[in-house]
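# Analysis of the macromolecular model
Here is what each chain is made of, one letter per residue.
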Amino acid sequence: MASDEAYLERLLQSGGTNAEYLSLLEETAEAMGVSYTTLQSRPVEVQIMLTKTYVNNWGAGREVLQEELQNITNLSFSAENQLEESQMTRTVEKSTASDDTKRQQERAERERAAEVERQTRQREMHRQARRVLFSQELLRRKAERIRRKSRQKQQEKEEPEITSERTRKN
C-alpha cells in the first residue's frame with residue numbers, strides 16, 4: 001500500500017493493526033536507507049516498532065524521521081545483543097550447572113565406590129579375625145587333645161604300677 005498522506009493520517013489517528021503497519025515496511029526501509037530484506041530479517045516486533053515510528057514521525061522531516069528510526073534500530077540491536085548475551089549466559093549457566101551436576105554425580109559415585117571399598121575391607125578384616133580366632137580355637141583344641149593323650153599315657157603308665165603294687169600288697 002502506498003504511503004499516501006491520508007492513509008498515514010488514518011493510521012496515526014486510529015492506531016491501525018499490526019498488519020497495516022507491516023504493509024509500510026518497504027517505505028520504512030526506504031526512509032532509513034536500508035534494503036527491504038534487511039528489515040524483513042529483523043524480528044516482527046522490531047518491524048512493527050519501526051513502521052509505527054515511521055507513521056508517528058512521517059511529517060516531522062526526513063532527518064528527524066531517520067534519527068528516530070535509527071534510535072529504534074540501535075535500541076533493537078542493543079536489545080537483541082542483550083538477549084543473545086543473556087541466552088549465552090543461560091547456556092553457560094546451564095552448562096556450568098550441568099558440569100556441576102556431573103561433578104556432583106562423579107563425587108557421589110566416588111563416595112559410593114569408597115564406601116563399597118570400605119565395606120569390603122571391613123568384611124575382609126572380620127574374615128581374617130574369624131580365621132585367627134578359628135586358628136586359635138583349633139590350636140587350643142589340639143593342645144587339649146595332646147594334654148588328654150599325655151594324661152592318658154601317664155595314667156596308663158601309672159595304672160600298671162598301681163596294679164602291680166596292689167598285687168604285691170595282696
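In what follows, the structure referred to is the one given above.
So, here is what we can say about the structure in this document. A quick note: this is a predicted structure, and the numbers were derived from the prediction, not measured. (Residues numbered from 1 in each chain as written. Predicted model: local features only at pLDDT ≥ 70, side-chain atom pairs only at ≥ 80, totals over all residues. Heavy atoms only, no water.)

## So, the side chain of T53
By secondary structure assignment, the location of T53 is in helix α5 (residues 44-57). We classify T53 as buried; its relative accessible area is 11%. Side-chain polar atoms of T53 contact the backbone oxygen of M49, separated by 2.8 Å. Leave out the neighbours within four places in its chain, and T53 touches L65, E68, L69 and I72. (Helix = DSSP H or I, 4+ residues; strand = E, 2+ residues; numbered from the N terminus. Buried < 20%, exposed > 50% of the residue type's maximum accessible area, 1.4 Å probe, protein only. Polar contact = N/O pair within 3.5 Å; in protein donor to acceptor, adjacent residues only side chain to side chain. Contact = heavy atoms within 4.5 Å.)

## A short note on the pattern of salt bridges
This structure, assessed with the given rule, holds three salt bridges. A salt bridge links E109 to R112; the nearest nitrogen and oxygen atoms lie 2.7 Å apart. Residue E109 and its partner R112 are located together in helix α6 (residues 62-169), separated by three residues, close to a single helical turn. On the basis of relative accessibility, which here comes to 45%, the residue E109 falls in the partly exposed class. R112 sits in the partly exposed class, given a relative accessible area of 47%. Notably, a salt bridge pairs R118 with E115, separated by 2.4 Å at the nearest N-O pair. You can see R118 and its partner E115 sitting in helix α6, three residues apart, about one turn around the helix. (Salt bridge = Lys/Arg side-chain N within 4 Å of Asp/Glu carboxyl O.)

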